[in-house]
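# Structural description and commentary
Here is how the chains run, residue by residue.
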Amino acid sequence: MTPRPLAHVREWISRCLGSLGVRRSDADVEEELRAHLELAEADARRRAGPDRGPGIAREVVIRHGAMAGSLEAVRDQRALRWVDDLGRDARQGLRALGRTPSFTAVVLLTLALGIGANTAIFSLVDGIVLKPLPYPNASELISLRHTAPGAAWLGTMASDLPLSASMYVTYAEHNRTFSSLGVWLAGTATVTGVGNPEEVRSVSVSDGVLEALGIPPILGRALGAEDQAPDAVVRPVVLGYGYWMRRFGGDPSVIGRAIEVNASPSRIVGVMPRGFRVVDADADLIVPFAFDRRTLILPGFGLEAVARLKPGVTLAEASADVARMVPIWMRSWPVVPGVDPTIYEAWHITPMLRPLATDVIGNIARVLWILLGTIGLVLLVACANVAGLMLVRLDGRQTELAVRAALGAGRGRIVRALLVESALVALAGGVLGVALAAVGVHLLVAYGPDTLPRLHEVRIDARALAFAFVASLLSSAFIGLIPALRYARLGPAGAVRGSRGATDSRERRRARQGLVIAQVALALVLLVASGLMIRTFQSLQAVVPGFTHPEAIQTLRVVFPDRLLPDPERVTRLQQDIANRLAALPGVTSVAFANGVPMTGGTSEWDVISVEGKQYDANETPPVRFFKQISPRYFETMGTALVAGRDLTWTDLYDRRRVVIVSEGMARELWGSPASAIGKRVHRLLGSPWWEIVGVARDVHEHGADVRAPDIVYWPAYGEDSLQPGQVTATRSVTFTIRTPLAGRESLLADIRRTVWSANASLSVSSEQTMEAIYDASMQRTSFTLVLLGIAGAMALILSLVGLYGVISYAVSRRTREIGIRLALGAPPRGVGWLFVGNGLRMAAIGLALGLVAAAGFSRAMSSIVFGVSPLDPVTFAIAPLLLLAAAALASYLPARRASRIDAVRALQQE
């Protein structure tokens, strides 16, 4: 029978192991220790003889009393102790947080908002900027454009020079660095033969585009070189996934089906997968280009190019290869008659190659990084707020910490427990934040501006979850280290003194006040950023766009295919007939049409314009102007004033008179005033006919309120071709503009469709929207940035004020006895209240001073996204601090008011 003392040892070891919650492998160690004790007892009995039997067990226990410590040493060597200690700390932390549910809820919500907002914006940055494009080996894809330093006017038209068709052919045949190269152009096409006529998004591609992108169709085949024949009777087309599902119900037998595209016989040969885009263009239809080499000339710059580098080829090598081919291009193709072929040599055309992702993303990357930085400041404010709360909570736990220290818990042990508790809070806040981020991302994708590239690729994925986890860990370190380091500095003796009711020390106040000052400073940075965006939005709204009452202008697009209506005059007469019929609808006051309306990107045609009487040097290029084709009454319908001269008439069009209207800015630049421009003559190229200016129209911001109004030449929508005398041309893709107070109503849109189809049932009606909607869409990116920065600023302001209120309120509660003494000695209640208000205002003032310096630096980073306002805008830098100071005064006044109403007798009795 086992002696009782040895049984007690075994029991004690078992309890230790059980309390530590060790795994199955620890039972083996315990069994080995027990066997060792039994062998030691048996050996002692043999040596001592039967007389000393009763005392043997006690001696063995004494001799081997360190067995439990041996077990601990074994467990330490097996690296299990720290796991068990962390588990114990986690359980204790959960119990401690459970005892203060209100505190825990506030902390979790604060961290969840900060981590969730950052995770949502990171998902936006990651999906748009950081992730590679959704093509195989996307790093090999480049866009191909040019610069033209010798054509200074190019900077007013575009940032660079796209390709011409002849350039593409030259580069495709002579390059040494591309495995595939192609050009593409987004547009629209009219589909008939499948229900009602419909205008859809189309992308025309040359051979090499789909090959470079490397995404095969899910049905049928892609377009290839054999599909580029200019004389094909039936042209192949490839459907986009969305259009295939919407129009054909996802029917796989659609391959080989005949349809009409722009009144031309076509046949469906393939269907692309879901989400496929041609670079950055959504496509319902992908159609082949049909370049006729016999008609190609040097110019015609307007084609987007995409290429895939051969393995191992660098961007610099490819750029040198293109530079080698530019002279070959110049020697291989003719120019327009009357143009000096050496003019393009004076342009000094230089290749500009860059990663395709750079073109797709554009300048939105800077905006998104700024947004992520501002939301990151919100998380810092949230962490500072929580750290302040943790400090307050630490002061309230002095008795608990003193007891733990008295029971033998070392300083490191308690610091670790505090850090574990902070980690639990931060990780729980991170989990809740991910849920909030998922909601936020859904809203961003659903309501974000259409101008945001790759928005459909944004989602909460493993990378976003990893970001949220890292943000939670960093937040844990921030909010946990401050109270932990403060306790480590205080030590057990300080905890005991604090548990005995010592008043709030200067050291404690400084720690909490420092956090509040940091919150105020960060909040001011965000308020200044929000203020700059508000001022930008105000500046944009103050811009006169060049048209009036956009809410009363209804627009719609109609295409008149040349196969359906080959005669140009018949096209224009039908357009006039439709305009007259629309004008007869109830409530309509004016109708016109043009090749595009402002702020839709429709005005992309441009060329050089020469002025009669001005001589140009041999190496000098005449200025370039935008072109627009319009009908009579266009300016009246749009509400664009004619500042001089007259409008076009239908007689001008049908008699093919060479008359044009120019914009006010162009008139002032060339002739000094609008009136002086009337009667002057311009032409496009040397040898082309002269056109007389009969009117000057108010400048129109064609490309957005934040872009300078361009110089525009308004050509008749029908008449003699400005480049080819004797040739008659009509504008076949037009946007009708209808001025009516009923704009946007479904009843009007139904009447418009019936009216158009009553004139010709084969015409498509699309892009039905008001000018107000178009104008608002042009402001989407600015308003999107404004809303996000406004939310960030509001969150930071609220959190900083909550922190300030909490510090003042806590100071009142800790200094109740002092307040009672002051009041008992005759201090006026108002003076006591202002003592705390003054303290709050001092903290706010220090934070504002620091915040102004930080805001000045941060605002400079925003210089590229503000408009009409300086990054150091004095109005913003004056209003933001005043707003924050007023809010800080209110946050300080509320607890100060409570302090001034304390009953001195009761306060002293309670103390």
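All values reported here derive from a predicted model rather than from experimental measurement. (Residues numbered from 1 in each chain as written. Predicted model: local features only at pLDDT ≥ 70, side-chain atom pairs only at ≥ 80, totals over all residues. Heavy atoms only, no water.)

## Describing the overall build of the chain
For the chain, the count of helices and strands is 30 helices and 24 strands. Carbon and sulfur atoms form 58% of the exposed surface of the chain, whose accessible area is close to 40,100 Å². (Helix = DSSP H or I, 4+ residues; strand = E, 2+ residues; numbered from the N terminus. Areas by Shrake-Rupley, 256 points an atom, 1.4 Å probe, with all protein chains shown as cover.)

## A look at the side chain of aspartate 721
Among the secondary structure elements, aspartate 721 is positioned in the loop between β21 (718–720) and β22 (728–730). Despite its burial, aspartate 721 remains without a salt bridge, the nearest opposite charge being carried by arginine 684 at 5.0 Å. Once you skip the residues sitting within four places of it in the chain, aspartate 721 turns out to touch Trp691, Gln727 and Thr729. (Buried < 20%, exposed > 50% of the residue type's maximum accessible area, 1.4 Å probe, protein only. Lys, Arg positive; Asp, Glu negative; His and termini not counted. Salt bridge = Lys/Arg side-chain N within 4 Å of Asp/Glu carboxyl O. Contact = heavy atoms within 4.5 Å.)

## Regarding a nonpolar patch on the surface
Together, Leu427, Phe469, Val470, Leu473 and Leu474 line one region of the surface with nonpolar side chains, adding up to about 450 Å² of accessible area. Per-element tally for the nonpolar patch: the top contributor is helix α17 (residues 462–499), with 4 residues. Assignment of secondary structure puts phenylalanine 469 in helix α17. (Patch = residues over 30% accessible without salt bridge, like charges linked within 9 Å, V, L, I, M, F, W, Y side chains within 5 Å.)

## Section: the pattern of salt bridges
Within this structure, the stated rule accounts for 33 salt bridges. Two residues, glutamate 457 and arginine 454, come together in a salt bridge whose shortest N-O distance is 2.7 Å. Look at arginine 454 and you get buried, because its relative accessible area is 2%. When the shortest N-O distance is used, the salt bridge between arginine 633 and glutamate 636 registers 2.9 Å. Here arginine 633 falls in the partly exposed class, since its relative accessible area comes to 34%. We classify glutamate 636 as partly exposed; its relative accessible area is 45%. Among the charged side chains, a network of salt bridges with common partners joins Arg201, Arg277, Asp282 and Asp284.

## Quick look at the packing of aromatic side chains
A ring pair, where both rings are aromatic, is described by two values, the distance of the centres and the angle of the planes. Scanning the model with the defined rule gives 15 aromatic pairs in all. Between phenylalanine 301 and tryptophan 347, the aromatic rings sit 5.8 Å apart at their centres with planes inclined by 45°, giving tilted as the arrangement. With a gap of 46 residues between them, phenylalanine 301 in the loop between β8 (285–288) and β9 (304–309) and tryptophan 347 in the loop between α12 (343–346) and β10 (350–355) connect regions that are remote in the sequence. Look at phenylalanine 301 and you get buried, because its relative accessible area is 13%. A relative accessible area of 5% places tryptophan 347 in the buried class. Relative to tyrosine 714, the ring of phenylalanine 635 has its centre 4.9 Å away and its plane inclined at 80°; by these criteria the two rings are edge-to-face. Of the two residues, phenylalanine 635 sits in helix α20 (residues 634–638) while tyrosine 714 sits in strand β20 (residues 712–716), which places them 79 residues apart along the sequence. Side by side, phenylalanine 635 and tyrosine 714 carry an identical accessibility label, which is buried. An aromatic cluster is defined as three or more aromatic residues linked by ring pairs; in this entry it consists of Phe593, Trp650, Tyr654, Tyr718 and Phe736. Geometry around tyrosine 654 places arginine 573 over its ring, the cationic atom sitting 3.8 Å from the centre. (Phe/Tyr/Trp six-rings, centres within 6.5 Å; stacked < 30°, edge-to-face > 60°. Lys NZ or Arg CZ within 6 Å of the ring centre and 35° of its normal.)

## Points about helix α8 (residues 165–174)
Of all 10 residues making up α8, 7 are buried, and the element is well covered by its neighbours. What α8 keeps buried is the set Ala165, Ser166, Met167, Tyr168, Val169, Thr170 and Tyr171. Buried positions along α8 lie against β1 (141–147), β2 (178–192) and α11 (315–332).

## Describing helix α19 (residues 568–583)
Counted at 1.5 Å a residue, the expected span for α19 with its 16 residues is 22 Å, and the 23 Å between its end C-alpha atoms agrees. Within α19, the full set of buried residues consists of Pro568, Val571, Thr572, Leu574, Gln575, Gln576, Ile578, Ala579 and Leu582. Buried residues in α19 make contact with β12 (590–594), α21 (650–654), β21, β22, β23 (733–739) and α24 (746–759). (Expected span 1.5 Å × (residues − 1).)

## What about the pairing of β12?
Counting buried residues in β12 gives 5 out of 5 residues, a clear majority hidden from the surface. Burial along β12 is two-sided: Ser590, Ala592 and Ala594 and Val591 and Phe593, pointing in opposite directions, are all buried. In terms of strand pairing, β12 meets β23 through 5 bridges, oriented antiparallel. Bridge pairing in β23 places alanine 592 opposite threonine 737. (Pairing = 2+ DSSP bridges.)

## Things to note about the packing of α19 against α24
Following both chains from N to C, one finds α19 and α24 inclined at 145°, their axes separated by 10 Å at the closest point. Between α19 and α24 lies a crossing whose hand is right-handed. Seen from α19, the contacting residues are Leu574, Asp577, Ile578, Arg581 and Leu582; seen from α24, they are Ile752, Thr755, Val756, Ser758 and Ala759. (Axes fitted to C-alpha atoms, helices over the stretch in contact; angles between N-to-C directions. Left-handed = near helix turned anticlockwise from the far one by under 90°.)

## A short note on the nonpolar core
As a rule of thumb, soluble globular proteins bury nonpolar side chains together. By size, the foremost hydrophobic cluster in this structure holds 70 residues, and its most contacted members are Leu124, Ile128, Leu368, Leu371, Met862 and Leu884. Contributing elements (two or more residues each) for this core: α6 (101–130), α14 (364–396), α16 (411–447), α18 (506–542), α26 (780–814), α28 (829–861) and α29 (874–900). The element that contributes the greatest number of residues to this core is α18, accounting for 13 residues. Discounting chain neighbours no more than four positions away, the residues touching methionine 862 are Ile370, Ala529, Leu532, Met533 and Leu789. Ile553, Val558, Tyr714 and Tyr775 belong to the second largest nonpolar core, which has 53 residues in total. (Core = buried A, V, L, I, M, F, W, Y, C linked by side-chain atoms within 4.5 Å.)

## Concerning the packing of α8 against α11
The N-to-C vectors of α8 and α11 enclose an angle of 125°; their axes lie 10 Å apart at closest approach. Classed by the angle they form, the pair α8 and α11 counts as oblique. For the pair α8 and α11, the crossing hand works out as right-handed. Every residue of α11 that contacts α8 at Ser166, Met167, Thr170, Tyr171 and His174 is listed here: Val322, Arg324, Met325, Val326, Ile328 and Trp329. (Parallel < 35°, antiparallel > 145°, perpendicular 65-115°, else oblique.)

## As for unusual backbone geometry
At valine 279, a position not held by glycine, the phi torsion is positive, near 60°. Assignment of secondary structure puts valine 279 in the loop between β7 (264–271) and β8. Using a relative accessible area of 9% as the deciding quantity, one classes valine 279 as buried. Of note in this structure, arginine 656 is not a glycine but carries a positive phi near 55°. Its location among the elements puts arginine 656 in the loop between α21 and β17 (659–663).

## Quick notes on the confidence of the model for the chain
For the chain, the mean per-residue pLDDT works out to 82, and 78% of the residues sit at or above 70. Per-residue pLDDT stays below 50 along residues 1–7; that stretch engages in 10 contacts with residues further than four places along the chain or on separate chains. Per-residue pLDDT stays below 50 along residues 498–504; that stretch engages in 15 contacts with residues further than four places along the chain or on separate chains. (pLDDT = per-residue confidence, 0-100.)

## Structural notes on the pairing of strand β19 (residues 691–697)
The buried fraction of β19 is high, at 6 of 7 residues. In terms of strand pairing, strand β16 (residues 642–645) meets β19 through 3 bridges, oriented antiparallel. Residue pairing for β19: leucine 642 is matched across the bridge by alanine 697. One ladder, built from 5 bridges, connects β17 with β19; its direction is parallel. Bridging across to β19, valine 660 finds its partner in isoleucine 693.

## Re the side chain of serine 663
Tracing the sequence through the fold places serine 663 in strand β17. Not counting residues within four places of it along the chain, the set of residues in contact with serine 663 comprises Val696, Ala697, Asp699, Pro710, Asp711, Ile712 and Tyr714.

## Considerations on the environment of aspartate 461
Mapped onto the fold, aspartate 461 is located in the loop between α16 and α17. On the accessibility criterion, aspartate 461 (17% relative accessible area) is buried. Taking the C-alpha atoms as reference points, aspartate 461 and glycine 127, 334 residues apart in sequence, are found 9.8 Å from one another. For aspartate 461, the contacting residues outside a window of four places in its chain are Asp126 and Lys131. Of note is the side chain of aspartate 461, whose polar atom sits 3.2 Å from the backbone nitrogen of arginine 463. (Polar contact = N/O pair within 3.5 Å; in protein donor to acceptor, adjacent residues only side chain to side chain.)

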